[in-house]
Amino acid sequence: MDHDDITRYTLELDICERDGTLGNRRSVDLLRSEFALALNASYFIALSGDHIDVGPVSRSIPQAGVARYVVVLELVERAPTMTDEQADELLRREFQRALNASYFLRICREDFGVRLVARERVSAQAELRAA
């Protein structure tokens with residue numbers, strides 16, 4: 001991937017977990033595993049024709065029965081001119097396609113909330129830090 005073309009997506013996933021007793025580390029590892037399986041099966045290909053890196057993942061429990069995962073994806077967008085709203089909608093559709101194919105079901109009991117909270121070019125961040 002050319003670093004000038006990389007876009008970082010920060011997502012929030014609100015999930016009713018299948019097993020809420022796993023703890024943070026095992027839950028995050030399971031989510032990473034599900035991402036790896038879905039990516040290897042070419043889900044999320046509408047976002048990027050190149051490799052998608054799953055970066056940092058964190059987990060919190062904002063309310064009983066629901067875990068919130070913050071996930072960072074780095075990718076080269078297929079359509080870098082799309083708006084944030086279009087990117088959010090495309091991301092939701094790709095998650096739904098993966099769920100329909102039974103990916104992520106080891107971690108969740110049902111459909112879950114997906115929200116794009118930030119979308120930014122990695123090169124733009126580097127320029128800000130250098131200034």
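Just above, that's the structure.
Residues numbered from 1 in each chain as written. Predicted model: local features only at pLDDT ≥ 70, side-chain atom pairs only at ≥ 80, totals over all residues. Heavy atoms only, no water.

Asks: Can you walk me through the overall build of the protein chain in this structure?
Replies: A tally of helices and strands in the protein chain yields 3 helices and 4 strands. Along the chain direction, N to C, the helices and strands of the protein chain fall in the order β-α-β-β-α-β-α. Relative to its length of 131 residues, the protein chain is compact, with a C-alpha radius of gyration of 15 Å against a globular reference of 14 Å. For the protein chain, the C-alpha atoms occupy an extent of roughly 45 × 30 × 25 Å along the three principal directions. If you take every contact in the protein chain between residues at least 6 apart in sequence, the share linking residues at least 24 apart comes to 78%. Total accessible area computed for the protein chain in this model is approximately 7200 Å², and 48% of it derives from carbon and sulfur atoms. Positive and negative side-chain charges of the protein chain, numbering 17 and 22 respectively, have mean locations separated by a distance of 5 Å. (Helix = DSSP H or I, 4+ residues; strand = E, 2+ residues; numbered from the N terminus. Rg over C-alpha atoms; globule rule 2.2 N^0.38 Å. Contact = heavy atoms within 4.5 Å. Areas by Shrake-Rupley, 256 points an atom, 1.4 Å probe, with all protein chains shown as cover. Lys, Arg positive; Asp, Glu negative; His and termini not counted. Charge placed at Lys NZ, Arg CZ, Asp CG, Glu CD.)

Asks: Which parts of the structure should I look at to understand helix 1 (residues 23-40)?
Replies: For helix 1, built from 18 residues, the straight-helix expectation of 26 Å at 1.5 Å per residue is met to within 8% by its first-to-last C-alpha distance of 26 Å. Listed as buried for helix 1 are Ser27, Val28, Leu30, Leu31, Glu34, Phe35 and Ala38. The buried side chains of helix 1 occupy one side of the element, clustering within an arc of 160° when seen end-on. Looking at helix 1, the residues exposed on the side facing more than 90 degrees away from the buried face are Arg25, Arg26 and Asn40. In this fold, the buried residues of helix 1 make contact with strand 1 (6-15), strand 2 (53-63), strand 3 (66-76) and helix 2 (84-100). (Expected span 1.5 Å × (residues − 1). Buried < 20%, exposed > 50% of the residue type's maximum accessible area, 1.4 Å probe, protein only. Arc of directions from axis to C-beta.)

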